[in-house]
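Secondary and tertiary structure notes
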Amino acid sequence: MKVHPAIAALRRSPASVRSDHADSQINLEHVRLEWLATDAVRSVADDLALYARGHSIGQCPALRELMDSHATASVFVDSLCQDVIRALSEQMLGEAPFRFRVSHGLATLQLLTFQGATLSLAAYEPLGVGSNPSETALFCDRAVDEIVIAGQAKARHHAIMAEGMVKSDTIELRPGDTLGLRPLIEMREIVDVERSLVILQLTREPDRPRPTREVDLQTGAILRIASGDKSASQSVMALSVLGALKSYGALDVMERTALNAEENLEVRWEAVRQTLGLGAVRGVAVLQSLAKRADDPLRQPAANLLNQVLTAQPDLSRLFKEPM
């Protein structure tokens, strides 16, 4: 029986296998560093840093040409892919020296990143059957610019109009096509890949993204809001855990968080919910304070919830000197 040398190597001692894998990754990392050192990539990386700091893409000539010119983008991508593929053919157990993510029909490779700006390569594969049109769409606080390198596909472009309704159009994507998506207003989804689609994608997110919204495409109604801020999501999770554990010692922190106007809104509202869950009296007091703040964005939600709570539990109103 013939056994490939790469498979045979796995039969050796674990230490040898680890050593071989480390050597292969060093070689692949060398390929990445050589690519990063080329003049074209250095120019794009310098512009990406400016773009991350708030410059428009028009103020970043190398980045603008990359996202506007199919010829420039193709050379940029090919120079990397050829070197990486050649290295992987020699080191079959190695891994591409970039962050990557693979799911059914989609693979993404993070080429360059600086703070909230990222340049990625995305590849969509034909799945054999057309996908059913989505009934909802996620609108994120992220600016997106894309250029199609290769392949062909159909996509749907969704845009939230001034009156709140969503305008949806089907578009054809072919090599050289470009697309720009405004934060929280526009998004696109790939619905049918005819030939393997390769897209170069430039994204930029603010330091503290506004919440992502899931919107009903027919009515424009907001179905769900999720924090776009990773640190805020972690804080919400922490508050939820404290509430589930009945951590009454955390009530002071929850109350301060709920009343802190500089805190993330989603974190504050979760603090309100958990305070109310752990101690109805303190929770109602927090709602009462928020409902009195004329310039607080939680004023109306707090007033609405306060009314609901006191309607369901009228005895609570007698615990407060001031009328509710």
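Preceding this paragraph is the structure being described.
The structure presented is a predicted model; accordingly, all values stated were derived computationally and were not measured.

Some words on the nonpolar core
Grouped burial of nonpolar side chains is what soluble globular proteins tend to show. Counting residues in hydrophobic clusters, the biggest one holds 29 residues, and the most contacted among them are Leu 66, Phe 76, Leu 112, Leu 119 and Leu 200. Take this core: its biggest share by element is six residues, from helix 5 (residues 70-90). Formed by 22 residues, the second largest nonpolar core is a distinct cluster that contains Leu 239, Val 286, Leu 306 and Leu 310.

Describing the pattern of salt bridges
Where charged atoms from two side chains of opposite charge approach closely, those side chains can pair. Scanning all chains against the criterion turns up 15 salt bridges. Across the pair Arg 156 and Glu 189 runs a salt bridge whose closest N-O atoms are separated by 3.7 Å. Of this pair, Arg 156 sits in strand 5 (residues 143-160) while Glu 189 sits in strand 8 (residues 186-204), placing them 33 residues apart in sequence. Glu 189 matches Arg 156 in its accessibility class, with the two residues each being buried. Residue Arg 182 pairs with Glu 186 through a salt bridge whose shortest N-O separation is 2.9 Å. Arg 182 gets classed as partly exposed once you look at its relative accessible area, which sits at 45%.

Quick look at the packing of aromatic side chains
The tally for this structure, following the rule as stated, stands at two aromatic pairs. Measuring from centroid to centroid gives 5.3 Å for Trp 35 and Phe 76, while their planes differ by 65°, and the two rings are edge-to-face. Taken together, the residues Trp 35 in helix 2 (residues 14-36) and Phe 76 in helix 5 connect sequence positions 41 residues apart. Using a relative accessible area of 6% as the deciding quantity, one classes Phe 76 as buried. Taken together, a centroid distance of 6.0 Å and an interplanar angle of 85° make the contact between Trp 35 and Phe 98 edge-to-face. Here Phe 98 lies in the loop between helix 5 and strand 1 (99-103) and Trp 35 lies in helix 2, a separation of 63 residues in the sequence. Taken as a pair, Trp 35 and Phe 98 share a single burial class, namely buried.

Observations regarding the sheet that holds strand 9 (residues 212-216)
Taking strand neighbours across the sheet as the criterion, the three strands line up as 4-9-10 in an open arrangement whose pairing is antiparallel. Every other strand in the sheet has two partners, leaving strand 4 (136-139) and strand 10 (222-226) as the edge strands with one partner each. When the angles between neighbouring strand axes are averaged without regard to direction, this sheet yields 20°. As judged from the four bridges shared by strand 4 and strand 9, these two strands associate in the antiparallel manner. Its bridge partner being in strand 9, Phe 139 is matched across the sheet by Arg 213.

Concerning unusual backbone geometry
With phi around 65°, Leu 184 is a residue other than glycine that occupies positive phi space. Relative to the helices and strands, Leu 184 is located in the loop between strand 7 (178-181) and strand 8. Even without glycine at this site, Lys 246 takes up a positive phi of about 55°. Counting through the fold element by element, Lys 246 comes out in the loop between helix 6 (230-244) and helix 7 (251-259).

As for helix 10 (residues 299-312)
Spanning 14 residues, helix 10 covers 20 Å between terminal C-alpha atoms, matching the ideal 20 Å at 1.5 Å per step. For helix 10, the set of buried residues is Ala 302, Leu 305, Leu 306, Val 309 and Leu 310. Looking straight down helix 10, one finds that the buried residues subtend no more than 130° of arc, so they occupy a single side. Opposite the buried face of helix 10, at more than 90 degrees from it, the exposed residues are Gln 308, Thr 311 and Ala 312.

Thresholds, definitions, all that
Residues numbered from 1 in each chain as written. Predicted model: local features only at pLDDT ≥ 70, side-chain atom pairs only at ≥ 80, totals over all residues. Heavy atoms only, no water. Core = buried A, V, L, I, M, F, W, Y, C linked by side-chain atoms within 4.5 Å. Buried < 20%, exposed > 50% of the residue type's maximum accessible area, 1.4 Å probe, protein only. Helix = DSSP H or I, 4+ residues; strand = E, 2+ residues; numbered from the N terminus. Salt bridge = Lys/Arg side-chain N within 4 Å of Asp/Glu carboxyl O. Phe/Tyr/Trp six-rings, centres within 6.5 Å; stacked < 30°, edge-to-face > 60°. Pairing = 2+ DSSP bridges. Axes fitted to C-alpha atoms, helices over the stretch in contact; angles between N-to-C directions. Expected span 1.5 Å × (residues − 1). Arc of directions from axis to C-beta.

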